[in-house]
Amino acid sequence: MVKFSYFCTYLKGMDNRTLKRALISVYHKDGIEPIARKLISLGVELLSTGGTYDFLKGLALPVTAVEDVTGYPSILGGRVKTLHPKIFGGILSRRENKKDCEQIIEFEIPSIDLVIVDLYPFEEYVASNSPHEEIVEKIDIGGISLIRAAAKNYKDVIIVASKEQYPALQAILEKGGGSSTIEERRFFATQAFNVSSHYDTAIFKYFNREEAVDAFKESILVSKTLRYGENPHQKALYFGNEGSLPEQLWGKEISYNNLLDIEAAIELIGDFEETTVAILKHNNACGCASNDNLTDAWKTALAADPVSAYGGIIISNKKIDSATAAEMNKLFFEVVIAPGYEPEALAILKEKKNRIILVNNGEKRTETKFRSLLGGALMQQRDSAVENELSLTPVTKTAPNSKEVEDLLFANKLVKHSKSNTIVLARDKSLLASGVGQTSRVDALRQAIAKAESFGFTCAGSVMASDAFFPFADCVEIAHKAGVTAVIQPGGSVRDSESTDYCNNNGLSMVTTGIRHFKH
């Protein structure tokens, strides 16, 4: 074993610490060379392990192997390297504690003032669908222990737990010549616990894939400061990797409210296979149409409510061509989302410098939804139910014809993505009008009828979709008098018969789905 001349210095009442010895053990070697060279220039002794030791030796830098400190080789296929009192004693010893210093000297444990360590890429192995055995082997033991030990003893030790913190360490080395303040060490400790807690969360979520343990654990390391929240006086952050957002081709910075609308738009369009264009405002569709011709789909969607469409969000599930872009460009809107854009279409849409142009990259939608409230959090599965013709149960004497079935399924997709209570009126696979966010379903229906009529539409021959059952016959009666011919709803009220009886007596068709689509 190596004999060291320096073990511990009793530092009662002193906040600043000067580096004398550093342990470097990293999986990713990029970025470590300039730091190691700077440490050597400051007279700092280097300890290292395995591949990092070989890397530093290859740079012709003076470095001591951890095995030469502990007297034990790396064992169990590399599972145990640094887990030894000679290492952890040197990290955890309190320089202000006289007894600690006496023990360090007695057992000849070299004090360690800086720990640079990163962790095995566990999440990368999970994301690549590696075999379970390989994933388990990428659960870091020594690294996570070094991080926790050094961070716990931040009063005396600097812990650098990822390469993202190398610039901050380099700045301290350049500015302080190896000396650090208690505030700087606390900063690194906070960053380290952020890394370690995220790592443990990722491991838990992997083992809890079947949700055997009911626990709320989410961790996202990357954040982006937004201009403000829902209102200018509210601060806001977005937590998530850049790759989880649609690719931005043009326009101003995306805002908090933009993000809410973008998610609502992507969720909605994901339920449509036929060529479809939707316009959203405050997370609700104010226009939507399916048509083999994209330009016609756009014109029909806009006609439903050109007033609300102003300043809205447009989304298409097909590449936008120049003809459609030219029509869209006549309207002021904030965001457009599509799987792609023809070059000429993109040039047209870029005529407005602040217009946000996004590519829907088809990222898998998360299967869980979270909402914070009352000092806690709600978690639920995403509403992924999409009804089809086989999902429909006719409950009236008159069954809907094939055209009505198409419209009913179209309307039901929209009602699913609109704020409750909601009623959607549709015809020819296009949104005629909707009533959203009302305290009663009757009010939602009346709002929808009034809105359709205000834009010169008749409801004759339209269908009605409801997000929940009808406890009374009032809605079907009002809808019938407005011209609705077919109705889709979940069913399940103890008074379902009142609505079906009215339909039977007045020639309406009604189908139920058995699935409610509340959205709050």
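Scroll up to find the structure.
Residues numbered from 1 in each chain as written. Predicted model: local features only at pLDDT ≥ 70, side-chain atom pairs only at ≥ 80, totals over all residues. Heavy atoms only, no water.

Can you walk me through the packing of aromatic side chains in this structure?
Here a ring pair, both rings aromatic, is described through the centre-centre distance and the interplanar angle of the planes. On inspection of all chains with the given rule, the structure shows 8 aromatic pairs. Ring geometry for F122 and Y206: centres 5.8 Å apart, planes at 85°, overall edge-to-face. With a gap of 84 residues between them, F122 in helix 6 (residues 122-127) and Y206 in helix 10 (residues 182-207) connect regions that are remote in the sequence. The buried category is assigned to Y206, whose relative accessible area is 8%. K138 extends its terminal NZ or CZ atom over the ring of Y120, reaching a point 5.5 Å from the ring centre. In this structure, R355 packs its charged tip against the face of F333, placed 4.1 Å from the ring centre. (Phe/Tyr/Trp six-rings, centres within 6.5 Å; stacked < 30°, edge-to-face > 60°. Helix = DSSP H or I, 4+ residues; strand = E, 2+ residues; numbered from the N terminus. Buried < 20%, exposed > 50% of the residue type's maximum accessible area, 1.4 Å probe, protein only. Lys NZ or Arg CZ within 6 Å of the ring centre and 35° of its normal.)

Please clarify how the environment of V307 should be interpreted in this entry.
Residue position: V307 is located in helix 13 (residues 306-309). Since its relative accessible area comes to 59%, V307 is described here as exposed. With 104 residues separating them in the primary sequence, V307 and I203 have C-alpha atoms 49 Å apart.

Help me understand unusual backbone geometry, please; the structure alone is not making it clear to me.
With glycine set apart, most residues show a phi of negative sign, and most peptide bonds adopt trans. Of note, the amide linkage connecting S420 to N421 takes the cis form, showing an omega dihedral of -10°. Secondary-structure assignment places N421 in the loop between helix 16 (402-416) and strand 19 (423-426). Phi at H282 is positive, roughly 50°, even though this residue is not glycine. On the basis of relative accessibility, which here comes to 65%, the residue H282 falls in the exposed class. A positive phi angle is found at L374, which is not glycine, with a value near 50°. Looking at the element boundaries, L374 is found in the loop between strand 16 (368-373) and strand 17 (376-381).

Before we go on, may I ask you to explain the sheet that holds strand 20 (residues 431-435) in this structure?
Two pairing modes exist for strands in a sheet, parallel and antiparallel, and in both the strands are linked by backbone hydrogen bonds. With mixed pairing, the 6 strands of this open sheet are ordered in space as 18-23-22-21-19-20. Each end of this open sheet is capped by a strand with a single partner; those strands are strand 18 (393-394) and strand 20. Strand contacts of helix 16: strand 19, strand 20, strand 21 (463-466), strand 22 (486-489) and strand 23 (509-512), with the helix running at about 35° to strand 21, the strand carrying the most contacts. (Pairing = 2+ DSSP bridges. Contact = heavy atoms within 4.5 Å. Axes fitted to C-alpha atoms, helices over the stretch in contact; angles between N-to-C directions.)

Can you help me understand the pairing of strand 23 in this one?
Every other side chain in a regular strand lies on the same face of the sheet, so the side chains alternate between the two faces. Here strand 23 shows two buried faces, one formed by S509 and V511 and the other by M510 and T512. With 2 bridges joining them, strand 18 and strand 23 adopt antiparallel strand pairing. Of the residues in strand 23, the one forming a bridge with P394 is V511.

Sorry, what's going on with the side chain of N258 here?
With respect to the secondary-structure elements, N258 resides in helix 11 (residues 256-269). For N258, the contacting residues outside a window of four places in its chain are R227, E253, E334, V335 and I356.

Would you take a moment to explain the pattern of salt bridges for this structure?
Any two side chains of opposite charge can pair, on the condition that their charged atoms come close. The full count for this structure, using the stated rule, is 22 salt bridges. A salt bridge links E267 to R382; its shortest N-O distance comes to 3.5 Å. Taken as a pair, E267 in helix 11 and R382 in the loop between strand 17 and strand 18 lie far apart in primary sequence, 115 residues in all. Take E267: its relative accessible area is 11%, and that puts it in the buried class. A salt bridge links K403 to D407, with the shortest nitrogen-to-oxygen separation between them at 3.2 Å. A residue pair is termed a helical-turn pair when its members lie 3 or 4 positions apart in one helix, as K403 and D407 do in helix 16 at 4 residues. (Salt bridge = Lys/Arg side-chain N within 4 Å of Asp/Glu carboxyl O.)

What exactly am I supposed to notice about the environment of A468 here?
With respect to the helices and strands, A468 occurs in the loop between strand 21 and helix 18 (474-482). Relative accessible area serves as the criterion here: at 5%, A468 is assigned to the buried category. Sequence spacing of A468 and F518 is 50 residues, and the spatial spacing of their C-alpha atoms is 6.9 Å. Discounting residues that sit within four places of it in the chain, A468 has contacts with R441, Q489, P490, R516 and F518.

What is the right way to read the nonpolar core from this model?
Nonpolar side chains in soluble globular proteins tend to end up buried together. L39 and I116 are the most contacted members of the largest nonpolar core, which has 55 residues in total. Sorting elements by how many residues they give to this core places helix 10 first, with 9 residues. Excluding residues that lie within four positions of it along the chain, L39 makes contacts with L19, A22, I24, V44, L46, L114, I116 and L173. (Core = buried A, V, L, I, M, F, W, Y, C linked by side-chain atoms within 4.5 Å.)

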